[in-house]
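# Fold and contact review
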Amino acid sequence: MKREIKNKIYTTINQLQDELDKSNELKIKLNYDTEFPELITNETRIKIIKELITIFKLVKKNENRTIILERINNITKRIKLHFSQLKRLKTKNYKDNVNYFSNLIRVLYALIYNLGNLK
């Protein structure tokens, strides 16, 4: 795989890990009794980010495309759940979340499409 693309994957993984840290901090701050819906939504986000990190690591290692595609298909279901949770909560950052996760999935598909050409 080209060095530039690998470096961008490393950068993306680092940014996802930072996002995971922020979500974990938020999880600690949320009150179970009064902010339960936000807690559930945040937990879904944490699971999505962890899986995205795993998928990007698989792409970095040039793993089998079918394995990566299966994982992306599984995660898109969880992302849709996250979107519906955000919509129910009527959060201000709904569109930002849609753009963020949609762009990450697009990047993954582009990387997988080009995976054979980069070996």
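These remarks concern the structure in this document. (Residues numbered from 1 in each chain as written. Predicted model: local features only at pLDDT ≥ 70, side-chain atom pairs only at ≥ 80, totals over all residues. Heavy atoms only, no water.)

### Re the overall build of the chain
A count of helical and extended segments in the chain gives four helices and zero strands. Mapped from its N terminus to its C terminus, the chain presents α and β elements in the order α-α-α-α. Each principal axis of the C-alpha distribution contributes one length, and for the chain these read about 50 × 25 × 20 Å. Per-residue burial over the chain gives 34% buried out of 119 residues. Partitioning the intrachain contacts of the chain with sequence separation of at least 6 by distance along the chain shows that 72% fall at a separation of at least 24. When the accessible surface of the chain is summed, it comes to about 8,000 Å², and 50% of that surface belongs to carbon and sulfur atoms. Side chains of the chain carry 25 positive and 13 negative charges; the gap between the two charge centres is 7 Å. (Helix = DSSP H or I, 4+ residues; strand = E, 2+ residues; numbered from the N terminus. Buried < 20%, exposed > 50% of the residue type's maximum accessible area, 1.4 Å probe, protein only. Contact = heavy atoms within 4.5 Å. Areas by Shrake-Rupley, 256 points an atom, 1.4 Å probe, with all protein chains shown as cover. Lys, Arg positive; Asp, Glu negative; His and termini not counted. Charge placed at Lys NZ, Arg CZ, Asp CG, Glu CD.)

### Structural notes on the nonpolar core
In globular proteins that are soluble, nonpolar side chains generally tend to be buried together. Within the largest apolar cluster, 24 residues are counted, with the highest numbers of intra-cluster contacts made by Leu52, Phe56, Phe101 and Leu108. Discounting residues that sit within four places of it in the chain, leucine 108 has contacts with Leu52, Ile55, Phe56, Val59 and Ile72. (Core = buried A, V, L, I, M, F, W, Y, C linked by side-chain atoms within 4.5 Å.)

### A short note on helix 4 (residues 94-114)
Between the first and last C-alpha of helix 4 there are 30 Å, a value that for 21 residues agrees with the 30 Å anticipated at 1.5 Å per step. Turning to helix 4, the residues buried within the fold contact helix 1 (3-29), helix 2 (36-60) and helix 3 (65-89). (Expected span 1.5 Å × (residues − 1).)

### Overview of a nonpolar patch on the surface
A surface patch of nonpolar side chains, about 300 Å² in accessible area, is lined by Tyr32, Phe36 and Ile40. For tyrosine 32, the position within the fold is in the loop between helix 1 and helix 2. Given the relative accessible area of 56%, tyrosine 32 is considered exposed. (Patch = residues over 30% accessible without salt bridge, like charges linked within 9 Å, V, L, I, M, F, W, Y side chains within 5 Å. Salt bridge = Lys/Arg side-chain N within 4 Å of Asp/Glu carboxyl O.)

### What to know about the packing of helix 1 against helix 4
At their nearest, the axes of helix 1 and helix 4 sit 13 Å apart, and the two run at 150° to each other. By the angle class used here, helix 1 and helix 4 are roughly antiparallel. The handedness of the crossing between helix 1 and helix 4 comes out as left-handed. Facing helix 1, whose interface residues are Ile5, Ile9, Thr12, Leu16 and Glu19, helix 4 presents Tyr100, Leu104 and Leu111. Taken together, the residues of the contact of helix 1 with helix 4 break down into six nonpolar, one polar and one charged. (Axes fitted to C-alpha atoms, helices over the stretch in contact; angles between N-to-C directions. Parallel < 35°, antiparallel > 145°, perpendicular 65-115°, else oblique. Left-handed = near helix turned anticlockwise from the far one by under 90°. Nonpolar A, V, L, I, M, F, W, Y, C, P; charged D, E, K, R; others polar.)

### Focus on the packing of aromatic side chains
Per the counting criterion, the structure on display carries three aromatic pairs. A centroid spacing of 5.2 Å and a plane angle of 80° characterise the contact between tyrosine 32 and phenylalanine 36, whose relative ring orientation is edge-to-face. Judged by its relative accessible area of 35%, phenylalanine 36 is partly exposed. (Phe/Tyr/Trp six-rings, centres within 6.5 Å; stacked < 30°, edge-to-face > 60°.)

### Some details on the pattern of salt bridges
Counted by the stated rule, this structure contains three salt bridges. Across the pair glutamate 19 and arginine 45 runs a salt bridge whose closest N-O atoms are separated by 2.8 Å. With glutamate 19 in helix 1 and arginine 45 in helix 2, the pair connects residues that are 26 residues apart, well separated along the chain. By the burial criterion, glutamate 19 is buried, and arginine 45 matches it. Between lysine 27 and glutamate 43 there is a salt bridge, and its shortest N-O distance comes to 3.0 Å.

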